[in-house]
Structure formats: C-alpha cells, structure tokens
Amino acid sequence: MFELLRQASPWLRRQRGPLLLGFSLQVAIVGVELNIPLLWRRAIDGAIGRSLGVGAILGLGALVVALGGMRAALDYYVRMKVVGASRDFERDLRGSLFRKMLALPSSFFGASTVGDLVSRMTQDVEAVRMALGPGVMYVGRAVLNMTAAATALLLFDPTLALWIAVPLVVLGAAALVLAPRLGRASDAVQTGIGRISARATESFGGIRVLKLFAREDLQARRMEALGLDYYAAQMRLAKARGGMLGLLALGKDAAQFVILLVCGLHIVDGRASFGDFVAYRSWLMQCFWPLVMFGWIISMVQRASAGMRRIDAILATPVAIAPPARAVTPAAEDGRPIDLEWRDVVLEMGGRRVLDRVSLRVPAGTSLGITGRTGAGKSLLAQLLPRLLDPTAGTVLVGGVDARAWDLDELRRRVGFVAQEPFLFSDSLRENLRFARPGADDAAIRAALRRAYLERDLDALPAALDTRVGERGVTLSGGQRQRATVARTLLADPPVVVLDDCLSAVDAQTEARILEELEQALSGRTAVVVSHRIAALRGLDRIAVLDEGRLIELGTHDELVAARGAYAKLDRDQRLLAELEAL
C-alpha cells in the first residue's frame, strides 16, 4: 500500500483538499458510531433496571435512529469526495498513459500486443483507482474504527480488551503471511486478462487469414488453453481469498466467544451489565469490521500494485523521438518546396548497422527515387525524414535545419509520409481522408482521390464517400487501401511527399499509371519515392541504389542503366519478368 501511495503521491498532493475533508468527516462518522452502543447500553440497562420509562427508552431509540441518519449522510458525502477524487485520478492516469503510448516509437508497439496494452489502459487503471479511492477510504475508516473501539474497550474493561486482542493479533499475523500469496495470484490474473485480450484482438484482426487457412479450431483451442490458465489463476486467487476470509471468520468467532465467556462471568459477578455486553459486542464488531475489510483491501492493493507496475513499465519507457527543448522552424512559406539532405547518416538497430554513412541531397522541388534489394535499408532511410527514427550518427536536414531541431508536429505537417502498410480507421472513406485535413470539402477530397487514381472506384463502393471501410479498411482491396492513404496525404498538401513503397499491392502497370497521375500532384513539391520496381522510378530526377545499408549508385535512370551496375541488373531482370508474365 505504501509503495502504491508513493507512486501516486503527485495525485495525492493535488487532491489533498478533498482527501483531508473526507478523512475529517470519517472522524465524525467514527465518533457517531462509537456513541451509538453507549445509547443502547443506557436503554437496555434502564429497561432491565426499570430506571427509565417507556418515553425515555423511545427517546433513546429515536436518538439512535437520528445518529444513524447522520452517519449515512456523512458517509454519502465522504464517498462523493474520496471516490470522486479517485475518478479524477483515473481520468488523469488514463490520459497520461495514452499520451505516453502515442509518444513511443513504432518499435515499442512491434514488441507489444494490442490486447495487453488495452488491458493496461482499462483493467490496470481501474484496479489502481479502486485502491486509491475506496481502498484509501476504507483503510482510513478501518484505522479510525479499530483505534476508537479498542480504546473504548480498554477504558470500560481492560481485562476483556486484552483477552480479545489475542485472537485479533494472531489473525492479523496470519493475514500478513497470506498477503504475498494473494499478490502473486492477483498478478497471474492480470497477466491472464492481458493474454486473453491480446489473443482475441489478434484473432478478430486476422479473421480472414484464419478462415482462408481453416484454422478456426486451432485458434479456438489456443483461446481455450488461455481460458484454462486464466481459470486456474482465478481459482488460486479464490483459494487465497477464501483462506483469508476463513481466518477472519475464525477470528470473529473466537473474539465473540471471549466476550461471551469473560463478560458473562463479569455479569454473574455483578461487575458488568447486559447493557455492557451489548456495547462491548458492538465495539468488537467495530474492531472486527476492519479485519474483514483487511482481506478485501489486501487483495485490492495487491491487484493495484500489479497494475501500477505494468503501467509504470510503460510510463518509464524512454521516448526515443523526443521534441527539442527549443524548436526551430524554417521561415519558408507553407506549401513552398523545401530541400532535403542525409549527411553521413548511420543507423544501428539491434546491434547491427543498417545504414552506413549515407549522404544524399534532394534540392527543393525535385524528386528522388530510392531502390535496392529487400532489406537494403530503403524504408529506414525514408523514415528518418519525419523522425519516425533518429540516426545513430550523422544528420538529416529538412529545409536546411536538423530534423531533430524542428518542432515535431510542424515537421510532420511539412513532410507528408505514406507508409508501406496502409492503415484506415473504422469510419467512412470521407472521414478517413479528413483525418489529414479536418473540414476539407468533398471537392477537395475528390481531387485528392483523382490524383491517387481512386476516384473512379467510388461508383463501385456502396455509399461512395460515405462508405464505411471497416476496421483497418478491411472492406477495401489492398490496392484501394494504399491509394486511399496516398489521397489522404495529398489532401494535407505538404511541401514534401514521401511514398514508401506504398503501391506494392497494385501491379507494375497500375503503379506506373498512378505515378503518372501523381506527376502533376508532385509538381512543385519535393518528392521521395521508395520502390523496388524500376518502372515506378524512371521519370524521377535522380535515383539512389542501396545495398546492405550503403549507397552504391546515384544518377538518372538512363545514367544508371548505362553504368551497367546493380540498378541496370534490376532493370533487366524486371523487364524480363514482365515479358514472361505477358506471354
């Protein structure tokens, strides 16, 4: 609990007002609860000894009811303050976690599963909120109740209080011994939830692949295995909780036996009354109630601690692409082309050098093609421009300024990047394009679709621009998804356009036609086109050839073909393949 409070200390400082008010009101609640047994004691002894009349007894009963109503009202207000503050914490924590995830590099998401991240955003955050809201409230109430009731017992009958303390101390020690087991079981349950969420997300996202390979039964068996693991973890948690509750029940019965025995003997000796017995038993229940809550609170805190560790693992992940402390934005007007340069760029990933001292320059308003064999580093070189990656050494210049010195949002507005793998949101085609330029009218959207060679496909869609494309654009073909992402970038009207092999899902002839359509759209912009197809690069101003992360050739299409090097061999092989396919 203390570690959890330490981790949440910034929030606790911000919410100290509501929390202190809630704690103060709990002191009043405990004071009311402490006095109710005294009223019952007075009423019972007065009735038995006939020292009180019916009116007085009814008056005491009415006072008890009034105090009970006051306690209920105060309790309601405490819950509103403390639980309301915990909801504020939940909102802030979930927002911070989501913003941190958005700032993390793509490599982080490649090493994580969507289901596990969703579990941390939902289950773990909720577990932490429960511990810091109801948990803190009940811990405060439990401490106050035990202190007040134990003090009352000691003042009225020290001998009885000492006898009652024996089973309660033994019970508390046993509960502390069981707490680690409860924590391990809570960790296993949280992990199981994450694995089930990840498997479900993966299965639904890849439902077409499952059906094409008839692997529904295999995936169902895998989910069943995860379900069995989760069931086993829940059963271990239930056993741990059951053991805790069993100890609590045993402690309660033992303490009640002590009260019955000791107080009964005192009544026989004339040292106590029946009213004393009722009051002592009420104070015992005030002592015992916190112990009952203790098991629930331990379970809650253990689960919250496990959740907070999983959340902290994300919050502590360093942001590889951090915005500069003092951002610089070149004075060039929006829409004007800007020059690009890679200067002695080195990139190392996984202990391997994937780009080796690459130097290239793209003057403003010109185009550069990048090609090479699979794994040559083409896409990595392009991803350095919008800072999806940062070089290990060397400099990437955009508009004559180091990309790392740009305001990150401004850099990415200037560098329109169409990724190799197209992604569309589960929304209409219109809103997917407007993601790049909110408020764009249909005329601008259709113009972007026309330049991306997709406008003619609108008639085939059920509702044209209003067609919902499904999750990840599943209702569109691969080529349509790619062209839609090209149109989305063109709609943003950036001065730099980077096409990272984004037309691989269409055939070479269609790609060439699309690039012809794009010529006018790219005119007046600085363009970088990554492609493994020579046909897509012929009309560009210059073409760079990479091999194993090194720049091995640079020139126009005709110059590179005449050089009879790696580029000429790629061109020859692809033309031969096209001729064979035409037969």
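Quantities reported herein were computed from a predicted structural model and do not represent experimental measurements.

Caption draft 1: The arrangement of the overall build of the protein in detail. When you go through the protein residue by residue, the secondary structure sums to 18 helices and 10 strands. Counting only residues that meet the buried cut, the protein has 44% of its 583 residues in that class. Considering only residue pairs separated by 6 or more positions, the protein has 76% of its internal contacts joining residues 24 or more positions apart. When the accessible surface of the protein is split by element, carbon and sulfur atoms take 59% of a total near 29,300 Å².

Caption draft 2: Spotlight on the sheet that holds strand β8 (residues 526-530). The six strands are arranged β6-β7-β8-β3-β9-β10 in an open sheet whose pairing can be described as mixed. Because the sheet does not close on itself, it has two edges, and the strands there are β6 (415-418) and β10 (550-555). Going from strand to strand, the sheet's axes swing by 15° on average, the running direction of each strand aside. Inspection of the sheet shows strand β3 (residues 367-372) paired to β8 by four bridges, in the parallel sense. Each bridged residue has a counterpart across the sheet, and for I370 the counterpart in β8 is V530.

Caption draft 3: Representation of the nonpolar core in the model. Judged by nonpolar contacts, the single largest core of 40 residues is most densely connected at L429, L449, L499 and L518. Of all hydrophobic cores here, the second largest spans 33 residues; its members include I370, A376, V401 and W406.

Caption draft 4: Structural context of the sheet that holds strand β5 (residues 401-402). An order of β2-β1-β4-β5 is seen for the four strands of this open sheet, with the pairing classed as antiparallel. In the strand order of this sheet, the two ends are held by β2 (352-362) and β5, each with one partner. Where strand β4 (residues 393-398) lies against β5, two bridges are found, and the strand directions are antiparallel. Its bridge partner being in β5, L397 is matched across the sheet by D402.

Caption draft 5: Representation of the environment of V358. With respect to the helices and strands, V358 occurs in strand β2. Of the residues examined, V358 reaches a relative accessible area of 0% and is grouped as buried. Between the C-alpha atom of V358 and that of G394, which follows or precedes it by 36 residues, the distance is 8.7 Å. Excluding its chain neighbours within four sequence positions, the residues that come into contact with V358 are W342, R343, D344, V345, L381, G549 and L551.

Caption draft 6: How the structure looks around the side chain of R310. Note on placement: R310 falls in helix α10 (residues 274-315). You can call R310 buried: its relative accessible area is 13%. One polar contact links R310 to D124, side chain to side chain, over a distance of 2.5 Å. Sequence-distant contacts of R310, that is, excluding residues within four places in its chain, are made with D116, S119, R120, D124 and Q190.

Caption draft 7: Spotlight on the pairing of strand β9 (residues 542-547). In terms of burial, β9 is largely enclosed, as five of its six residues are buried. Pairing analysis gives five bridges linking β9 to β10, with the strands arranged antiparallel. Opposite L546, over in β10, you have L551 as the bridge partner. The hairpin formed by β9 and β10 contains two residues between the paired strands, and E548 there has a positive phi angle of roughly 50°.

Caption draft 8: Just a nonpolar patch on the surface, in detail. A grouping of L21, Y76, Y77 and M80 is seen on the molecular surface, where their side chains present a nonpolar patch of about 420 Å² in accessible area. Residue contributions to the nonpolar patch peak at three residues, all from helix α4 (residues 54-103). One can find Y76 in helix α4.

Caption draft 9: Fine view of helix α9 (residues 216-269). Helix length check: α9, at 54 residues, gives a terminal C-alpha distance of 77 Å against a target of 80 Å (1.5 Å per residue), a fit within 8%. Downstream of α9 by one or two residues, G270 has phi in the positive range, about 85°.

Caption draft 10: Expanded view of the packing of helix α14 (residues 442-451) against helix α15 (residues 478-492). The contact between α14 and α15 brings their axes to 8 Å, and the two run at 125°. By the angle between their axes, α14 is oblique relative to α15. Of the two possible hands of crossing, α14 and α15 adopt the one that is right-handed. Listed contacts from α15 to A444, I445, A448, L449 and R451 of α14 are A487, L490 and L491.

Caption draft 11: Main features of the environment of R303. Relative to the assigned elements, R303 resides in helix α10. When the C-alpha positions of R303 and V128 are compared, they lie 7.8 Å apart, and in sequence the two are 175 residues distant. In contact with R303, not counting residues within four places along its chain, are Q123, A127, S186 and Q190.

Caption draft 12: Examining the pattern of salt bridges more closely. What the rule picks out here adds up to 21 salt bridges. With its nearest N and O atoms 3.1 Å apart, the salt bridge here joins R129 to E126. With a gap of three residues between them, R129 and E126 both fall in helix α6 (residues 114-156), about one helical turn apart. Notably, a salt bridge pairs E410 with R413, separated by 2.9 Å at the nearest N-O pair. Here E410 pairs with R413, and both are found in helix α12 (residues 408-414), just three residues apart, close to one helical turn. Here R413 falls in the exposed class, since its relative accessible area comes to 53%. Linked by salt bridges that have partners in common, R87, E90, R94, E126 and R129 make up one network.

Caption draft 13: Structural context of a positive patch on the surface. Taken together, the side chains of R181, R184, R236 and K239 present a region of like positive charge at the surface. Mapped onto the positive patch, the elements with two or more residues apiece are α7 (158-205) and α9. You can see R181 is positioned in helix α7.

Caption draft 14: Broad picture of the environment of D547. Mapped onto the fold, D547 is located in strand β9. Remark: the alpha-carbon pair of D547 and V354, spanning 193 residues in sequence, is separated by 9.8 Å. In contact with D547, other than residues within four places in its own chain, are R373, A376 and I552.

Caption draft 15: Here's a closer look at unusual backbone geometry. One non-glycine residue, D344, lies in positive phi territory at about 50°. Note that D344 resides in strand β1 (residues 340-349). The residue D493 is not glycine, and still its phi comes out positive at about 55°. One can find D493 in the loop between α15 and β7 (496-500).

What counts and how
- Residues numbered from 1 in each chain as written.
- Predicted model: local features only at pLDDT ≥ 70, side-chain atom pairs only at ≥ 80, totals over all residues.
- Heavy atoms only, no water.
- Helix = DSSP H or I, 4+ residues; strand = E, 2+ residues; numbered from the N terminus.
- Buried < 20%, exposed > 50% of the residue type's maximum accessible area, 1.4 Å probe, protein only.
- Contact = heavy atoms within 4.5 Å.
- Areas by Shrake-Rupley, 256 points an atom, 1.4 Å probe, with all protein chains shown as cover.
- Pairing = 2+ DSSP bridges.
- Axes fitted to C-alpha atoms, helices over the stretch in contact; angles between N-to-C directions.
- Core = buried A, V, L, I, M, F, W, Y, C linked by side-chain atoms within 4.5 Å.
- Polar contact = N/O pair within 3.5 Å; in protein donor to acceptor, adjacent residues only side chain to side chain.
- Patch = residues over 30% accessible without salt bridge, like charges linked within 9 Å, V, L, I, M, F, W, Y side chains within 5 Å.
- Salt bridge = Lys/Arg side-chain N within 4 Å of Asp/Glu carboxyl O.
- Expected span 1.5 Å × (residues − 1).
- Parallel < 35°, antiparallel > 145°, perpendicular 65-115°, else oblique.
- Left-handed = near helix turned anticlockwise from the far one by under 90°.
- Lys, Arg positive; Asp, Glu negative; His and termini not counted.
- Charge placed at Lys NZ, Arg CZ, Asp CG, Glu CD.

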